[in-house]
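# A look at the structure
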Amino acid sequence: MSLLFLWDAWQRHTGQPSLFGAPPTTQSTAAESGSGAAKEGGKAETRDPSVPPAPNAMPAATIPAADSAASARSAATVVRVRNDKLSLDIDLAGGQVRRAELLAYKDSENPDARVTLLDLRSNSTFLAQSGLVGGSEQAPFPTHRTAMTVVGGEATRELRDGQADVSLTLVGESGGVRLERTLTLARGSYVLQMKDRISNTGTQTVMPVIYMQLTRDGNPPPGGSEFYSTYTGPVIYTDKDKFQKVAFSDIDKGKTQHTKTADDGWLAVIQHYFVTAWIPQASKSREYYTRKIDTNLYSVGAKTSLGEIAPGASLEHTSRLLVGPQDQRMLADTAPGLELTVDYGWLTVIAKPIYWLLERLHSMVGNWGWAIVLLTIIIKTLFYPLQAASYRSMARMKAVTPRLMALRERYGEDRVRMNQAMMELYKQEKINPLGGCLPIVVQIPVFIALYWVLLASVEMRDAPWVGWINDLAAPDPYFILPLVMAGTMFIQTKLNPTPPDPLQAKMMMILPLVFSVMFFFFPAGLVLYWLVNNIYSIAQQWLITKRFERAQAAKAAKNG
């Protein structure tokens, strides 16, 4: 298993597909414009590919040309909306959110900065966009490229003492349709409320389609590890089909499989510890889509028909944009199924109860490190009967190890006769060679689920334990935990039966060194879990082995 995980890590490091289904790391760089539109000085396109087409069932919509989008972008300014949790930069080119800073979370690479999810830089593109499709080629409806003006004029909207929320209203008009967008950010919230009022200022009935999309490059987020992989990419959720991942690599190949139409659900882009999600208006039929916009640039979104709007009439549409941590309680309160963005994979059914127990333990002790210690002990204790059966089998194997070594010396390279003699010995001593493995195999899903709970829980970020461990989500700065864990693995190796094969015996002695090097780069919370698990296992194994040896001695004395 160790060699398998090492090989998988090497595959992902070299850009190859993971053995466990994760997409390979994308090495290409995002387009600086983040839109897929023609760059200034480049060849202009006839349409802006960052704006989605209207649904097939509706009249074909025309898209603003790339050159007009570029002029709107160059003339636009940014308005900042800020509460006690989020600082958002709203681009007046279509009201797109072009930067989102999480004020309560330090950046893992720069402690003086804060985590930034949405951003538009030369090597990073991640935007939240919304607009309308429809109209004519010469006069399209307002999109996320249309120049908008601010009602009020202030360049910063910051939550002040005594205020419950802060809001910003933008207005844009094009193609005989006026879009008035009000953005509201409440105190203590990671959710941006968006209310769009769409008015028909022309003389003909219009039938606009509103879209909400996230546009992102396919690069992994900064601060990742070469030794473990977490999913970064689009997801779509509906009540019928539940949680569906749509990997960037599948979008590249045109092999996406996800819900296309539904009356509920949401779309998101997730990464380690954080999520950005569009939650459309409830009970509105919508069409979900994923698209490749440009080289290493993708979008996931939803489109909703607003129906007919007569001249002089208007209607309202509401949606929500969540930009925040994968706090399961907050996510569950925001929208059904949103807590599933904390990605435990196929072990979710086991991982969720483990997380629930970990959260309860934290509420008792007030420290996530001690909660990990207690959780590991509780789970190991629950599995004690299986563990005891495994250790008793190992003790029997250890007792006959000298006889196995003698058989190896007797038969030398005649492996057929040596294996026959070994089977006879096992039968005589009533030993099942797999008796020590099978009880452990039963426990593997639980301990892998525990591993994913600790790896995926945003609560570990900036969470101290004792002394030098100030962040359970970061590696041990002095490598003390990995080195102590390597020592416990050496002790376990000595307690286990020595393999008859000298090559196997050498590998078992080398593995603690390999693991200690790997765990230098693992989060301290994960290393703490493995360390406590090893120490408790050593105590259990030593106790059971001593009991077995005393029983064997008593039996020999009685027979002698």
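Our subject is the structure listed above.
Described in the following lines is the structure provided in the data block. Quick caveat, the model's predicted, so the values are computed rather than measured. (Residues numbered from 1 in each chain as written. Predicted model: local features only at pLDDT ≥ 70, side-chain atom pairs only at ≥ 80, totals over all residues. Heavy atoms only, no water.)

The subject of this paragraph is the overall build of the chain. Counting its regular elements, the chain contains 13 helices and 20 strands. Residue burial in the chain is summarised as follows: out of 560 residues, 50% are buried. Looking at the chain alone, contacts between residues at least 24 apart form 65% of all its contacts between residues at least 6 apart. Approximately 26,200 Å² of the chain is accessible, and the part contributed by carbon and sulfur atoms is 56%. (Helix = DSSP H or I, 4+ residues; strand = E, 2+ residues; numbered from the N terminus. Buried < 20%, exposed > 50% of the residue type's maximum accessible area, 1.4 Å probe, protein only. Contact = heavy atoms within 4.5 Å. Areas by Shrake-Rupley, 256 points an atom, 1.4 Å probe, with all protein chains shown as cover.)

On to helix α9 (residues 415-429), then. Along an α-helix, a turn takes 3.6 residues, which lines up residues three or four apart on a common side. Counted at 1.5 Å a residue, the expected span for α9 with its 15 residues is 21 Å, and the 21 Å between its end C-alpha atoms agrees. If you check which residues of α9 are buried, you get Met418, Ala421, Met422, Leu425 and Tyr426. Taken end-on, α9 shows its buried residues confined to a sector of 140°, consistent with a single buried face. α9 presents Val416, Gln420, Glu424, Lys427 and Gln428 as exposed residues on the side facing more than 90 degrees away from its buried surface. (Expected span 1.5 Å × (residues − 1). Arc of directions from axis to C-beta.)

What the rule picks out here adds up to 15 salt bridges. With its nearest N and O atoms 2.8 Å apart, the salt bridge here joins Arg98 to Asp91. A relative accessible area of 24% means that Arg98 is categorised as partly exposed. Between Lys292 and Asp252 there is a salt bridge; the shortest N-O distance is 2.9 Å. Linking Lys292 in strand β18 (residues 286-294) with Asp252 in helix α3 (residues 248-253), this pair joins segments that are 40 residues apart in sequence. On the basis of relative accessibility, which here comes to 44%, the residue Lys292 falls in the partly exposed class. By sharing partners, the salt bridges in this structure join Arg329, Glu359 and Arg360 into a single network. (Salt bridge = Lys/Arg side-chain N within 4 Å of Asp/Glu carboxyl O.)

A few words on the pairing of strand β19 (residues 297-305). Extensive coverage of β19 is indicated by the burial of 8 of its 9 residues. Pairing between strand β12 (residues 209-217) and β19: 9 bridges, direction antiparallel. Counterpart to Gln213 in the pairing with β19 is Gly301. Bridge count for β18 against β19 is 7 bridges, and the pairing is antiparallel. Looking across to β19, one finds that Thr290 is bridged to Val300. Counted between consecutive antiparallel strands, the loop separating β18 from β19 contains 2 residues, among which Asn296 sits at a positive phi close to 60°. (Pairing = 2+ DSSP bridges.)

Time to look at the packing of helix α8 (residues 401-411) against α9. Where α8 contacts α9, the two axes come as close as 9 Å, and the packing angle between them is 155°. With respect to α9, the element α8 is oriented roughly antiparallel. Considering how the two elements wind past one another, α8 and α9 form a crossing that is right-handed. Contacts between α8 and α9 involve Arg403, Leu404, Leu407, Arg408 and Tyr411 from the former and Arg415, Arg417, Met418, Ala421, Met422, Leu425, Tyr426, Gln428 and Glu429 from the latter. Among the residues making up the contact of α8 with α9, the classes are represented as 8 nonpolar, 1 polar and 5 charged. (Axes fitted to C-alpha atoms, helices over the stretch in contact; angles between N-to-C directions. Parallel < 35°, antiparallel > 145°, perpendicular 65-115°, else oblique. Left-handed = near helix turned anticlockwise from the far one by under 90°. Nonpolar A, V, L, I, M, F, W, Y, C, P; charged D, E, K, R; others polar.)

As for its position among the elements, Ser174 is in strand β9 (residues 165-174). If near-sequence neighbours (up to four positions away) are discounted, Ser174 is found in contact with Ala139, Pro140, Phe141, Pro142 and Thr146.

Here we come to the packing of aromatic side chains. Applying the stated criterion across every chain, the model contains 11 aromatic pairs. A ring pair is formed by Tyr105 and Phe274, whose centres lie 5.6 Å apart and whose planes are at 85°; its orientation type is edge-to-face. Taken together, the positions of Tyr105 in strand β3 (residues 97-106) and Phe274 in strand β17 (residues 274-279) put the pair 169 residues apart, joining distant regions of the chain. Neither residue differs from the other here; Tyr105 and Phe274 are each classed as buried. (Phe/Tyr/Trp six-rings, centres within 6.5 Å; stacked < 30°, edge-to-face > 60°.)

Moving on, we come to the environment of Asp343. In this structure, Asp343 sits in the loop between α4 (328-334) and α5 (348-365). Look at Asp343 and you get buried, because its relative accessible area is 16%. Residues Asp343 and Val453 lie 110 residues apart in sequence; the distance between their C-alpha atoms is 8.9 Å. When near neighbours in sequence (up to four residues on either side) are disregarded, Asp343 contacts Tyr231, Phe243, Lys245, Ile270, Trp452 and Ala456. At 2.6 Å, the side chain of Asp343 and the side chain of Lys245 are in polar contact. (Polar contact = N/O pair within 3.5 Å; in protein donor to acceptor, adjacent residues only side chain to side chain.)

Spatial ordering of the open sheet is given by β7-β9-β10-β11-β20-β17-β16-β13-β14, a layout of 9 strands whose pairing is antiparallel. The open sheet terminates on both sides in strands that have one partner only, identified here as β7 (149-150) and β14 (242-245). Relative to strand β10 (residues 177-186), β9 runs antiparallel, the two being bridged by 10 bridges. Along β10, the bridge assignment pairs Ser167 with Thr184.

Mapped onto the secondary structure, Leu357 falls in helix α5. Leu357 sits in the partly exposed class, given a relative accessible area of 25%. Taking the C-alpha atoms as reference points, Leu357 and Leu374, 17 residues apart in sequence, are found 10.0 Å from one another. Filtering out sequence-adjacent residues up to four positions away, Leu357 remains in contact with Leu375 and Ile378.

It is worth spelling out α8 at this point. Within α8, the full set of buried residues consists of Thr401, Leu404, Leu407, Arg408 and Tyr411. Down the axis, α8 shows its buried residues gathered within 115° of arc, on one side only. For α8, the exposed residues set more than 90 degrees away from the buried face come down to Pro402, Glu409 and Arg410. Taken from the residues just after α8, Gly412 is the one with a positive phi, measuring 55°.

The subject of this paragraph is unusual backbone geometry. Located in the positive-phi region is Lys242, a residue other than glycine, with phi close to 60°. Inspection of the secondary structure assignment puts Lys242 in strand β14. Positive phi is not limited to glycine here, since Ser283 has a value of about 65°. Within the secondary structure layout, Ser283 lies in the loop between β17 and β18.

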